[in-house]
Amino acid sequence: MIGIIRRYRQQRADARAIGKDGKRWVRSWINIFRTECEACIPQNETLLGELIGEGHYCCIGQSHSYNGVQVIPSVNAMMMREGGLTALSYDPATELVRVGASVSVRELKLFLRDKHCRGLHNSGNYMEQSVIGALATGTHGYGPRGVMADSIVELTFLDGAGQRVTLKRGDPDFAYVALSFGTIAPIVELVLETKPLQPYISISSMSRLSKLDELKQGSIAANWAVMPYTDPEDPVIMLHALAECHEADSVVAHPKPKGGGGRIAAWVLRRYYAFDRFLPSFRRPMQRLIDWLDLKQSERVITDPDDLDYLYDPKPGLKENRAPSITRGLFSTTYTGYNLAFFVPLEKAPAVVRFIMHEADALRDLGFFLKGIISVRELPGLAGPIFAANSTRPMAAIDLFADPRDYAWLERLQRSVMQYEPDTRPHFGKSALGPDFCNALCRTHLDELMRIHRRHYPQGNLMFSERVRAMCDVGRPLPGVAAVDAGLV
Ligand SMILES: Cc1cc2nc3c(=O)[nH]c(=O)nc-3n(C[C@H](O)[C@H](O)[C@H](O)COP(=O)(O)OP(=O)(O)OC[C@H]3O[C@@H](n4cnc5c(N)ncnc54)[C@H](O)[C@@H]3O)c2cc1C
């Protein structure tokens, strides 16, 4: 009870602080990482330029990253999303959109759709983040042009002296700065490619991992979720695949609803997520039951070109405005748990998922349970930014979910995967970042990014997360970090 009251008071205090300068708490999504900071609201670019000259600073978008990449103690925090950098303009001749640092993904999508009948090439499954915060961490959807930062054609940031620097695609440093996880900041404006709004054939199927290749035949984009406590040899999956409408005939037949226990199954599934949330130890028996029922389902929908979230919820309108359904339950773990993600080579994804299932199952007697799904989003193409997950080869994004108190187990699972799959790359807003990623990201590339950083910020005022500093092998802990305060270094 005391905990609930404390949380309620904390949420009210956080809400009251929005839009105001001064001391306040900055919290990552799910509140695992937090710090007290001096918040500064950049009302315009001139003021922002002055503020960054005042001492150590960092930039925060909507503070929705899970891994605390935005949480930097003892510095002035530029609250970019709350500021007045709201530029938003579209050029029909080039089909490019210019967007400022205070604009959210939702605002950008609405502007493009309602005023210009255009959309983004891809996006994550949530829209409240700042566009620049999302792009800076490598936020992705799935399918073609999966990593959002791949659409950037131009960006403008302020250097340490508060001067504007603009880089265009093709400039030598552009591919580094286009996805630089807070090491080049503040980015004040981006110019992005857009695409026409169009319908897709969306197929959601509940089946088995062994059927994956067959089920996604003919599709251009695939996102599958594995139920981690079903049969590890051939787990139950939910596949969501998109195909171009003119390819309708080449999309293979999908499983028909099956099972004598059809009505019982529907009843069980409807209640599954209520159980799952409050009784984690029931996850395994519930998923074993689903496995045993051997459910097969399939749904085909033509998406509405105007639908902002068709990638994650193919039915017209926004998922958030609809009552829960089975599929929505499956894909909504992100709102109730800690989410850790990383990328593995696309062809390794099924084996990595099975490995995680075995590892997680072996931790069950210690009280650890993954949440309802392991999500896999396929990134088949290559992206331009050097630090994009799929900059050198097609990759799969693996998302793990657990109750917030269990987040450290997810870090252990990440480390276990990295031990066997050295090409594992980080999600800069969701992985446990650290020196172990140096090889996969390439030491030379990280050094080059730091060289660009030092060239633009010779004053040393721009600060970035301790874990990023460890990954880039630069600097000592900041004052305010326990290691320094304890005299450890
Ligand atoms: C519910 C939910 C769903 C999500 N879904 C997805 C998903 O589907 N796919 C996916 O890939 N990710 C997803 N994410 C992760 C999320 O998209 C990223 O973590 C993103 O960074 C959050 O944007 P933000 O504005 O909150 O940035 P913050 O978390 O505030 O900041 C992230 C980084 O960007 C830097 N930054 C912010 N603004 C600027 C600026 N103006 N200039 C320079 N640097 C800046 C910060 O310094 C920090 O390093 C999800 C997160 C949540 C909470």
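Note that the structure is predicted; figures quoted are calculated from it, not measured. (Residues numbered from 1 in each chain as written. Predicted model: local features only at pLDDT ≥ 70, side-chain atom pairs only at ≥ 80, totals over all residues.)

Kindly report on the packing of helix α10 (residues 349-362) against helix α11 (residues 407-420), identifying the contributing residues and their values.
Packing of α10 against α11 leaves a shortest axis separation of 11 Å and a crossing angle of 130°. In terms of orientation, α10 lies oblique with respect to α11. In the crossing of α10 with α11, the sense of the turn from one axis to the other is right-handed. Between α10 and α11, the residues in contact are Val-352, Phe-355, Ile-356, Glu-359 and Ala-360 and Leu-413, Ser-416 and Val-417, respectively. (Axes fitted to C-alpha atoms, helices over the stretch in contact; angles between N-to-C directions. Helix = DSSP H or I, 4+ residues; strand = E, 2+ residues; numbered from the N terminus. Parallel < 35°, antiparallel > 145°, perpendicular 65-115°, else oblique. Left-handed = near helix turned anticlockwise from the far one by under 90°. Contact = placed C-beta atoms within 7 Å.)

I'd like a rundown of helix α3 (residues 105-116), residues and numbers included.
For an α-helix, the turn length of 3.6 residues means that residues three or four places apart are oriented alike. With 12 residues, α3 extends 16 Å from end C-alpha to end C-alpha; this agrees with the ideal 16 Å at 1.5 Å per step. Among all positions of α3, only Val-105, Leu-108 and Leu-112 are buried. Projected onto a plane normal to the axis of α3, the buried residues spread over an arc of 70° and lie on a single side. Across α3 from its buried face, at more than 90 degrees, point the exposed residues Asp-114 and Lys-115. Looking at the buried positions of α3, the neighbouring elements they touch are β5 (88-91), β6 (96-100), β7 (118-119) and α4 (131-136). Phi turns positive one or two residues past the end of α3, at Cys-117, with a value near 50°. (Expected span 1.5 Å × (residues − 1). Buried ≥ 20, exposed ≤ 12 C-beta atoms within 10 Å, placed from the backbone. Arc of directions from axis to C-beta.)

Lay out the sheet that holds strand β18 (residues 395-402) in plain terms, naming residues and giving numbers.
With respect to topology, 8 strands assemble into an open sheet ordered β15-β12-β14-β13-β17-β18-β16-β19, the strand pairing being antiparallel. The open sheet terminates on both sides in strands that have one partner only, identified here as β15 (297-302) and β19 (425-426). As paired elements, strand β12 (residues 200-208) and β15 share 6 bridges and run antiparallel to each other. Within the sheet, the bridge partner assigned to Ile-203 lies in β15 and is Arg-300. Sitting on the sheet, α11 is in contact with β16 (338-345) and β18, with an inclination near 10° to β16. (Pairing = 2+ DSSP bridges.)

Account for the domain arrangement of the protein, with residues named and values stated.
Looking at the assigned domains, one finds that the protein contains domain 1 (88-196) and domain 2 (200-436). The interface is formed by 23 residues belonging to domain 1 together with 27 residues belonging to domain 2. Secondary structure elements with two or more residues in the side of domain 1 that touches domain 2: α3 and α5 (174-177). Here the residues of the side of domain 1 that touches domain 2 are counted per class, giving 10 nonpolar, 9 polar and 4 charged. (Domains from an automatic or database assignment. Nonpolar A, V, L, I, M, F, W, Y, C, P; charged D, E, K, R; others polar.)

I'd like to hear about the site of the ligand, residue by residue, with values.
Close to the ligand lie 34 residues; Gly-61, Gly-124, Gly-133, Gly-182 and Gly-429 are nearest. For the shell around the ligand, the elements supplying multiple residues, two or more each, are β3 (57-60) and α4. Here the element with the most residues in the shell around the ligand is α4; it accounts for 4 residues. Of the residues that constitute the shell around the ligand, the class distribution is 15 nonpolar, 18 polar and 1 charged. Domain assignment of the residues forming the shell around the ligand places at least three in each of domain 1 (88-196) and domain 2 (200-436). (Near = placed C-beta within 6 Å.)

Explain the UniProt feature "domain: FAD-binding PCMH-type" (unreviewed entry) in the protein residue by residue, including any values.
Here the UniProt-annotated "domain: FAD-binding PCMH-type" (unreviewed entry) positions come out as residues 32-197. With 17% helix and 28% strand, residues 32-197 has end C-alpha atoms that lie 38 Å from one another. (UniProt positions renumbered as here; feature names shortened; annotations may be inferred.)

Let's hear about the environment of Tyr-420: which residues, and what values?
Mapped onto the elements, Tyr-420 comes out in helix α11. Linking Tyr-420 and Phe-355, residues 65 residues apart in sequence, is a C-alpha distance of 9.9 Å.

Can you lay out the environment of Arg-9 for me, pointing to particular residues and giving the numbers?
Along the chain, Arg-9 turns up in helix α1 (residues 2-17). Through-space distance from the C-alpha of Arg-9 to that of Met-206 is 42 Å; in sequence the pair is 197 residues apart.

Mind laying out the pairing of strand β17 (residues 374-379), listing which residues take part and the relevant values?
Within β17, 6 of the 6 residues are buried, which leaves it mostly tucked inside the rest of the structure. Burial along β17 is two-sided: the residues Ile-374, Val-376 and Glu-378 and Ser-375, Arg-377 and Leu-379 are all buried. Pairing of strand β13 (residues 221-226) with β17, which is carried by 4 bridges, proceeds in the antiparallel orientation. From the neighbouring strand, Trp-224 faces β17, where its bridge partner is Val-376.

Kindly report on unusual backbone geometry, identifying the contributing residues and their values.
Glycine aside, negative phi is the norm for most residues, and most peptide bonds take the trans geometry. The step from Ala-185 to Pro-186 runs through a cis peptide bond, and the omega angle for that step is 5°. Of note in this structure, Ile-30 is not a glycine but carries a positive phi near 75°. Relative to the assigned elements, Ile-30 resides in the loop between β1 (22-27) and β2 (34-40). Residue classification places Ile-30 among the partly exposed residues on the basis of 17 C-beta atoms within 10 Å. Located in the positive-phi region is Ser-74, a residue other than glycine, with phi close to 60°. Secondary-structure assignment places Ser-74 in the loop between β3 and β4 (76-79). Note on Ser-74: 17 C-beta atoms within 10 Å, which makes it partly exposed.

I'd like a rundown of the sheet that holds strand β8 (residues 152-158), residues and numbers included.
If you trace the 5 strands from one edge of the open sheet to the other, you get β5-β6-β10-β8-β9, paired in antiparallel fashion. Looking at which strands have only one partner, the edges of the open sheet turn out to be β5 and β9 (164-168). Direction aside, the axes of adjacent strands within the sheet are offset by 15° on average. Looking at chain direction, β8 and β9 are connected through 5 bridges and run antiparallel. Within the sheet, the bridge partner assigned to Thr-156 lies in β9 and is Thr-166. Contacts from α3 reach β5 and β6 within the one sheet, and its direction differs from that of β5 by about 45°.

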